[in-house]
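# A look at the structure
Chain by chain, the residues run as shown.
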Amino acid sequence: MSCKRKETAMVVSQECLLPGIYSMWLETKEIAGLAVPGQFISMYTKDGSKLLPRPISLCEIEKETNRLRVVYRVTGENTGTKQFSEMKAGDTIEILGPLGNGFPLEAGRGKKAFLIGGGIGVPPMLELAKQLDAQKQLVMGYRDEQFLTDEFTKNGTLYVATEDGSAGTKGNVMDAIRENALGAEIIYACGPSPMLRAIKQYAEENNIVCYVSMEERMACGIGACLACVCQSKEVDGHSHVHNKRVCKDGPVFLSTEVEI
Amino acid sequence: MEMRQAADEKQTIDTRVCIAGVELKNPVMTASGTFGSGQEYSEFVDLKRLGAVVTKGVANVPWAGNPTPRIAETYGGMMNAIGLQNPGIDVFCERDIPYLQQFDTKIIVNVCGHAPEEYLAVVERLADEPIDMMEINISCPNVNAGFLAFGQDAKNVEKLTAQIKKIAKQPVIMKLTPNVTDITEIARAAEAGGADALSLINTLTGMKIDVERQTFALANKTGGVSGPAVKPIAVRMVYQVANAVSVPIIGMGGIATAADALEFILAGATAVSVGTANFYNPTATIEVAEGIEDYMRRHNVKRVTELIGAVR
């Protein structure tokens, strides 16, 4: 159980994929070796005015080299993610991880699967696509420009949706699923709440097992502070109310477990 | 006994402090609400290295807490409105106290409630539990206004303290809010009611507005501000209270390093709590404890108690 580490990682490379979307490879001591798809790390700035960790999902895990890739969105000027985006190869960064539960790989073995990502929920689906042994239909939703599409194409059949219709289906991931008349026996999804809500509804109407990766403002990242709770159907194990902790009980939940 | 050994190992340095007859191996504890009941942080911290673990607040029944977002970053700190989500005293006694009993540290249970009867129910339930002290949270800013008024009114504080003392079997720490005009007035009231010790400060009520979304950063609109940004206010209040009462003080508010902790001790605190720092440095408590030892060696201080209130 005790497998979380606080480490000083080293930036191996940094690349701007699109305006505001950055990709960073980090060399860790142990965290990459322990991580599974769907987990996240807490990243810390070196700026004492920005103390709280930024929880960032893992996009790729390279156990042989102990490296992790994070693909993240810069949320604005004067933000922690802006500072991360300015880091260069050789710089060091404090990270805590691996955090959260991750996507269950066994549940999807040999099945016809949807891996659905939306916006900055796209990156964690890449490592899942690499590790999941299934018939993979990768449905990725973007506002306009796309990122990581080449990597996805190598790991399954990619279907793209764009809000502006510049590539793939015009609309959202559900529109792409309908337009291509796709079906699945299991769903893994990460993205904004409206997307997850639509996927949850689709999955439940069609009796499909569906795992969703949730997001919420976090402080500790390890389940102690109770900041990042989501509404759960059943009484939670920690506080015996209806609040599961996204950072510890999640971020991946069965869609039927949570209210979105 | 173990404390003597620990002291011997470190070249005659004695880090023990005593609060209401309870001896702590060192003055470093956790601030309620930032450390759960220790379990999550035990992956990073050897709990027996702490003077005490102060648990997250527990009420007579489970509390669901506030809607999200419950947390926001502020300059050099953070703001929270968790709303005291907790499993209620029954689960707490069955699960959390036995968990903490495995470790050679003191157990301080933080008690919360909406009304005197609720506090008293928890205090009564704790009477036969193997805990060392209780800390009464009369100062959480994140529940309804009537509740906060409790800790802001000297008469109420004295009355509640006296009611709790009448039934409590363990020493009682009253946790004070900084959201008052004169904290010494409240401190004196708690002392008059029979408090064995005082802890301060709880968080400062604040507000943050997300200008892009034109909404409040927290669903609760207001929240409690904590972290290094509030430390000077906390040190000032500890100093004032230390000069106003004779019961021991547990100081907190933005402590992240040994130097921070020493400020509080020099201002008059007998012990200190590390809170928000746990969130960005899970081993902060241990670093503070070790840093105090280093300081004592550098300054040739034999007993940490020599430092309490040494700056006047």
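The model shown is predicted, which means the values in this text are computed figures rather than measured ones.

The rules we used
Residues numbered from 1 in each chain as written. Chains lettered and ligands numbered in written order. Predicted model: local features only at pLDDT ≥ 70, side-chain atom pairs only at ≥ 80, totals over all residues. Heavy atoms only, no water. Patch = residues over 30% accessible without salt bridge, like charges linked within 9 Å, V, L, I, M, F, W, Y side chains within 5 Å. Areas by Shrake-Rupley, 256 points an atom, 1.4 Å probe, with all protein chains shown as cover. Salt bridge = Lys/Arg side-chain N within 4 Å of Asp/Glu carboxyl O. Lys, Arg positive; Asp, Glu negative; His and termini not counted. Charge placed at Lys NZ, Arg CZ, Asp CG, Glu CD. Helix = DSSP H or I, 4+ residues; strand = E, 2+ residues; numbered from the N terminus. Domains from an automatic or database assignment. Contact = heavy atoms within 4.5 Å. Buried area = accessible area lost by both parts, 1.4 Å probe. Polar contact = N/O pair within 3.5 Å; in protein donor to acceptor, adjacent residues only side chain to side chain. Buried < 20%, exposed > 50% of the residue type's maximum accessible area, 1.4 Å probe, protein only. Pairing = 2+ DSSP bridges. Axes fitted to C-alpha atoms, helices over the stretch in contact; angles between N-to-C directions. Parallel < 35°, antiparallel > 145°, perpendicular 65-115°, else oblique. Left-handed = near helix turned anticlockwise from the far one by under 90°. Nonpolar A, V, L, I, M, F, W, Y, C, P; charged D, E, K, R; others polar. Phe/Tyr/Trp six-rings, centres within 6.5 Å; stacked < 30°, edge-to-face > 60°. Core = buried A, V, L, I, M, F, W, Y, C linked by side-chain atoms within 4.5 Å.

Attention now moves to a negative patch on the surface. A grouping of Asp144, Glu145, Glu163 and Asp164 of chain A is seen on the molecular surface, where their side chains present a negatively charged patch. Looking at the secondary structure, you find Glu145 of chain A in the loop between strand S9 (135-142) and helix H4 (149-153).

Residue and element names in this part refer to chain A. Taken domain by domain, chain A comprises domain 1 (5-99) and domain 2 (106-257). Computed over C-alpha atoms, the centres of domain 1 and domain 2 are 21 Å apart. The partner domain 2 presents 22 residues to the 21 residues of domain 1 that form the contact. Across the domain 1/domain 2 interface, buried area totals approximately 1800 Å², and carbon plus sulfur atoms make up 65% of it. Contact with domain 2 buries surface across domain 1, with Leu18, Pro37 and Cys59 losing the most and accounting together for 26% of the total. Counting every contact that joins domain 1 to domain 2 gives two salt bridges. If you look at where domain 1 meets domain 2, you find four residue pairs in polar contact (both at pLDDT 80 or more). Listed by contribution, the elements that provide at least two residues to the side of domain 1 that touches domain 2 are strand S1 (5-18), strand S4 (54-57), strand S5 (60-62), strand S6 (67-73) and strand S7 (92-99).

The subject of this paragraph is the pairing of strand S14 (residues 222-226) of chain B. All names here are of chain B. Here S14 lies mainly inside the structure; four of its five residues are buried. As judged from the four bridges shared by strand S11 (residues 204-207) and S14, these two strands associate in the antiparallel manner. For Met207, the partnering residue across the bridge sits in S14 and is Thr222.

Turning our eyes to something else, we now look at the packing of helix H3 (residues 116-125) of chain B against helix H5 (residues 154-167) of chain B. Residue and element names in this part refer to chain B. The N-to-C vectors of H3 and H5 enclose an angle of 25°; their axes lie 9 Å apart at closest approach. By the angle between their directions, the pair H3 and H5 is classed as roughly parallel. The crossing of H3 and H5 is right-handed. Mapping the contact onto sequence places Pro116, Tyr119, Leu120, Val123 and Glu124 in H3 and Leu160, Gln163, Ile164 and Ile167 in H5. A class-by-class count of the residues in the contact of H3 with H5 yields seven nonpolar, one polar and one charged.

A word on the packing of aromatic side chains. Residues and elements named next belong to chain A. The tally for this structure, following the rule as stated, stands at nine aromatic pairs over all chains. The interplanar angle of 85° and the centroid separation of 6.4 Å between the aromatic rings of Tyr72 and Phe84 together place this pair among those described as edge-to-face. Taken together, the residues Tyr72 in strand S6 and Phe84 in helix H2 (residues 80-85) connect sequence positions twelve residues apart. There is no split in this pair, since Tyr72 and Phe84 are both buried. When the ring of Tyr188 is compared with that of Tyr211, the centres are 5.8 Å apart and the planes differ by 20°; the resulting orientation is stacked. Within this pair, whereas Tyr188 is found in strand S12 (residues 186-190), its partner Tyr211 is found in strand S13 (residues 209-213), the two being separated by 23 residues in sequence.

Attention shifts here to the pattern of salt bridges. According to the stated counting rule, one finds 35 salt bridges over all chains in the structure shown. When the shortest N-O distance is used, the salt bridge between Lys6 of chain A and Glu94 of chain A registers 3.9 Å. Of this pair, Lys6 of chain A sits in strand S1 while Glu94 of chain A sits in strand S7; the two residues are 88 residues apart in sequence, bridging distant segments of the chain. Looking at Lys6 of chain A, the relative accessible area reads 29%, which means it is partly exposed. Two residues, Glu306 of chain B and Arg303 of chain B, come together in a salt bridge whose shortest N-O distance is 4.0 Å. Here Glu306 of chain B falls in the partly exposed class, since its relative accessible area comes to 43%. Residues joined by salt bridges that share partners form a network here, namely Glu60, Arg69, Glu127, Lys130 and Glu151 of chain A.

The next point concerns the interface of chain A and chain B. Reports of interface size often rely on the accessible area that becomes lost once the parts have come together. Between chain A and chain B, the contact holds 35 residues from the first and 34 residues from the second. Both faces combined, the contact of chain A with chain B buries some 2700 Å², and carbon together with sulfur accounts for 59% of it. For the chain A face of the interface with chain B, the top three residues by lost area are Ser49, Leu51 and Leu52 of chain A, together amounting to 21%. Linking chain A to chain B there are three salt bridges.

Residues and elements named next belong to chain A. Taken in spatial order, the seven strands of this open sheet run S11-S10-S9-S8-S12-S13-S16, and their pairing is mixed. Looking at the sheet topology across the chains shown, the edges are occupied by strand S11 (169-170) and strand S16 (252-254). Note that S13 and S16 share three bridges and pair antiparallel. Paired with Val212 across the two strands is Phe253, which belongs to S16. This element, helix H6 (residues 193-205), spans strand S8 (112-118), S12 and S13 of the sheet and lies at about 170° to S12.

Time to look at unusual backbone geometry. That bond from Gly97 of chain A to Pro98 of chain A is cis: its omega, -10°, falls within 30 degrees of zero. Here Pro98 of chain A is to be found in strand S7. Here the residue pair Thr68 of chain B and Pro69 of chain B is connected by a cis peptide bond, since its omega of -5° sits within 30 degrees of zero. Residue Asn78 of chain A is not a glycine yet carries a positive backbone phi of 60°. Relative to the elements of secondary structure, Asn78 of chain A occurs in the loop between S6 and H2. The exposed category is assigned to Asn78 of chain A, whose relative accessible area is 60%. The residue Ala20 of chain B is not glycine, and still its phi comes out positive at about 50°.

Okay, the side chain of Lys200 of chain A next. All names here are of chain A. Tracing the backbone shows Lys200 in helix H6. Engagement of the side chain of Lys200 in a polar contact is seen with the backbone oxygen of Val258, the distance being 2.8 Å. Not counting chain neighbours up to four residues away, the residues in contact with Lys200 comprise Lys233, Ser255, Thr256, Val258 and Ile260.

For the rest of this paragraph, the subject is the nonpolar core. Formed by 149 residues in total, the largest nonpolar core has its most connected members in Ile116 and Ile187 of chain A together with Leu126, Ile136, Leu198, Leu200 and Ile292 of chain B. Two domains share this core, each providing at least three of its residues, namely domain 1 (5-99) and domain 2 (106-257) of chain A. Here Leu198 of chain B is in contact with Ile173, Met174, Leu176, Ala187, Ala190, Val241, Val245, Val247, Pro248, Ile249 and Ile250 of chain B, once residues within four sequence places are set aside. Leu18, Met125, Tyr142 and Tyr211 of chain A belong to the second largest nonpolar core, which has 27 residues in total.

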